[in-house]
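The chain contents come next:
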Amino acid sequence: MPDLDDVQDGKNYHIGVPMQSNAFFLKGSNSLDWGMKNRLARVFNPATAKTVMLAVDHGYFQGPTTGLERIDISIVPLVPYADALMITRGALRTSIPAEMSKPVVLRSTGGQSILKELSNELVAVDIEDAVRLNASAMAVQVYIGGPHEHQSIGNLVKVVDAGNRQGIPTLAVTGVGKELARDAKYLGLATRICAEMGAHFVKTYFCEKAFARVAAACPVPLVIAGGKKLPELEALKMAYEAIDQGAAGVDMGRNIFQGDAPIAMIQAVRAVVHDREKPDKAYELYLSLKKDAARTGPSAAVPNRSRS
């Protein structure tokens, strides 16, 4: 039991000093509960209000994607340089060391493959399993304009409601079919619907024309997808333009793990996102780190200084 000896009255009440009530650093998140904010503050760096997520969940519908054949070999060395890891529960349990301290954005919908209609998904993870895995957020694919649009929005609503009960945020991921244009009109529609349905942040594609309008009209943070593999300088330019026009981060996969120097590339992306480095300078950093790694091995890469 507590020791009752020598109990003293408190005296440092700081009367006259107002209680601090600081606004939360992410837009659209100030009214969330403490646990929800705490998890979002793991995914997004509070110092910059930005994130570099590493997307490695492609296998849930693509199978052994190039670069993800052995997640334990190709991805684990990249984890220290990411702010968060987007991954399936199967890959997390089998291939990622439990000692990893990075937040997990858990892929929570699935049920289809590249052989079938992609929008035909279901909720694939129970909220209790997300809690067991200590997930910082759950990711749900939403196919606005797809054949199963209504079903995918229903999946989002179910995961948002379950997450709200447990204090786990939901990331809505806008899936765009081949027949739909990735322009500001469509992306604005898709991201706004996701936010209105309760998503706490949204992953979408960057569009060269009027992306600033898409970001401004979405009341929660936007994170851009890296998409297909691009030349490194092009990928860095895309990230820079997205951040410059209002994105709160990137969720890159193939543009990092399918490259010649993944550790160098993710550090260059970090320089763009967190340090607002210009693409040309970030590309010079990439080339320098790549050269160093080729000469002395991957261990020569500069440690992540933005946040451990």
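These lines cover the structure that appears in this document, whether it is placed above or below.

The strand order around the closed barrel formed by eight strands is β1-β2-β3-β6-β7-β8-β9-β10, and the pairing between neighbours is parallel. Within this sheet the neighbouring strands show an average axis-to-axis angle of 25°, counted without direction. Alignment of strand β1 (residues 51-55) against strand β2 (residues 84-87), held across three bridges, turns out to be parallel. Residue pairing across strands places A55 opposite M86, the latter belonging to β2.

Right, let's talk about the pattern of salt bridges for a bit. In a structure, side chains of opposite charge can pair up when their charged atoms sit close to one another. For the structure shown, the criterion picks out 13 salt bridges. Linking R107 and D57 is a salt bridge whose minimum nitrogen-to-oxygen distance equals 2.9 Å. Of the two residues, R107 sits in strand β3 (residues 104-107) while D57 sits in the loop between β1 and α2 (59-62), which places them 50 residues apart along the sequence. By sharing partners, the salt bridges in this structure join R89, R93, E128, D129 and R132 into a single network.

Along the chain, A184 turns up in helix α7 (residues 184-196). On the basis of relative accessibility, which here comes to 14%, the residue A184 falls in the buried class. When neighbours within four sequence positions are excluded, A184 is seen to be in contact with C207, K209, A210 and V214.

The rules behind these values
Residues numbered from 1 in each chain as written. Predicted model: local features only at pLDDT ≥ 70, side-chain atom pairs only at ≥ 80, totals over all residues. Heavy atoms only, no water. Pairing = 2+ DSSP bridges. Helix = DSSP H or I, 4+ residues; strand = E, 2+ residues; numbered from the N terminus. Axes fitted to C-alpha atoms, helices over the stretch in contact; angles between N-to-C directions. Salt bridge = Lys/Arg side-chain N within 4 Å of Asp/Glu carboxyl O. Buried < 20%, exposed > 50% of the residue type's maximum accessible area, 1.4 Å probe, protein only. Contact = heavy atoms within 4.5 Å.

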